[in-house]
Amino acid sequence: MSRRIDYQAVAPRGVKLLGGVHLYVSQSGLSPVLLTLVYLRVSLINGCAYCIDMHTRELRDLGVSNEKIALVPVWPEAGELFDGRERAALAWAETVTEISSTGAPDSAYAAASAQFDDKELVDLTIAIATMNTYNRLAISFRNPPAAVVAKHDAKHAGTQGN
């Protein structure tokens, strides 16, 4: 599968504005680990290989264990490995990402608002919406994961000398 459009090159202003929203969320006071766990979960739901690769790497860089990263797709079964705020954020991420089928029910809202104050919950929802946008860009335009690019580059670097 090859890249369709380099959307960052074609629409740099739009991507920069989206990056501004991402920057806002990163400075919101929500923990980087919590946000990145949410980004990974949203990307897993959407099937965005580019973002799954990126957020897995980011979580490792943030010191999150491989076991915890591996259990993000099945976080409800991971017990206390995820704290209460992480579990609430992951549940809210699933509800918001799948909003066409969930409708964001009152029970999901109540569970999230039990862990987050109003501003945190709005910021978390902005983060979820932003990641859904990034996923849709990366999937639609076939943005390749860094691991694939690295393998491709290594393969072609080995043939350059021949």
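Our subject is the structure listed above.
Bear in mind the structure is a predicted one, so any value in this text is a computation, not a measurement.

Student: Account for the overall build of the protein, naming residues and giving values.
Tutor: Across its full length, the protein carries 10 helices and zero strands. For the protein, the N- to C-terminal ordering of α and β elements is α-α-α-α-α-α-α-α-α-α. Summarising its shape, the C-alpha atoms of the protein cover approximately 60 × 35 × 30 Å along the three principal directions. Buried residues in the protein amount to 34% of all 162 residues. A fraction of 69% describes how many contacts in the protein between residues 6 or more apart in sequence connect residues 24 or more apart. Of the roughly 9100 Å² of accessible surface on the protein, a fraction of 57% belongs to carbon and sulfur atoms. Here the protein contributes 15 positive and 17 negative side-chain charges, whose respective centroids are spaced 11 Å apart.

Student: Describe in detail the environment of Arg136, supporting the description with residues and values.
Tutor: Relative to the elements of secondary structure, Arg136 occurs in helix α9 (residues 118–140). Note on Arg136: relative accessible area 43%, which makes it partly exposed. Considered as a pair, Arg136 and Cys48 are 88 residues apart in the sequence and their alpha carbons are 8.0 Å apart.

Student: Got a sec to walk through a nonpolar patch on the surface? Specific residues and values, please.
Tutor: Residues Leu71, Val74 and Leu81 make up a contiguous nonpolar surface patch of about 190 Å² in total accessible area. Mapping Leu81 onto the fold places it in the loop between α5 (66–70) and α6 (84–97). Judged by relative accessible area, Leu81 falls into the partly exposed class, the value being 35%.

Student: Break down the layout of surface pockets for me, with residues and values.
Tutor: Over the atoms a probe the size of a water molecule is rolled, and this reveals where empty space is left. Space inside the second largest pocket adds up to approximately 190 Å³. Counting only elements with at least two residues in the lining of the second largest pocket, the list comes to α1 (7–10), α2 (12–26), α4 (49–61) and α9. The biggest single contributor to the lining of the second largest pocket is α4, with five residues. Of the residues that constitute the lining of the second largest pocket, the class distribution is seven nonpolar, three polar and one charged.

Definitions and limits used
Residues numbered from 1 in each chain as written. Predicted model: local features only at pLDDT ≥ 70, side-chain atom pairs only at ≥ 80, totals over all residues. Heavy atoms only, no water. Helix = DSSP H or I, 4+ residues; strand = E, 2+ residues; numbered from the N terminus. Buried < 20%, exposed > 50% of the residue type's maximum accessible area, 1.4 Å probe, protein only. Contact = heavy atoms within 4.5 Å. Areas by Shrake-Rupley, 256 points an atom, 1.4 Å probe, with all protein chains shown as cover. Lys, Arg positive; Asp, Glu negative; His and termini not counted. Charge placed at Lys NZ, Arg CZ, Asp CG, Glu CD. Patch = residues over 30% accessible without salt bridge, like charges linked within 9 Å, V, L, I, M, F, W, Y side chains within 5 Å. Salt bridge = Lys/Arg side-chain N within 4 Å of Asp/Glu carboxyl O. 1 Å grid on protein atoms, 1.4 Å probe; cavity = no way out; pocket = protein on both sides within 12 Å on 5 of 7 lines; lining within 4 Å. Points joined across faces, edges and corners; volume = space filled by probe spheres on them. Nonpolar A, V, L, I, M, F, W, Y, C, P; charged D, E, K, R; others polar.

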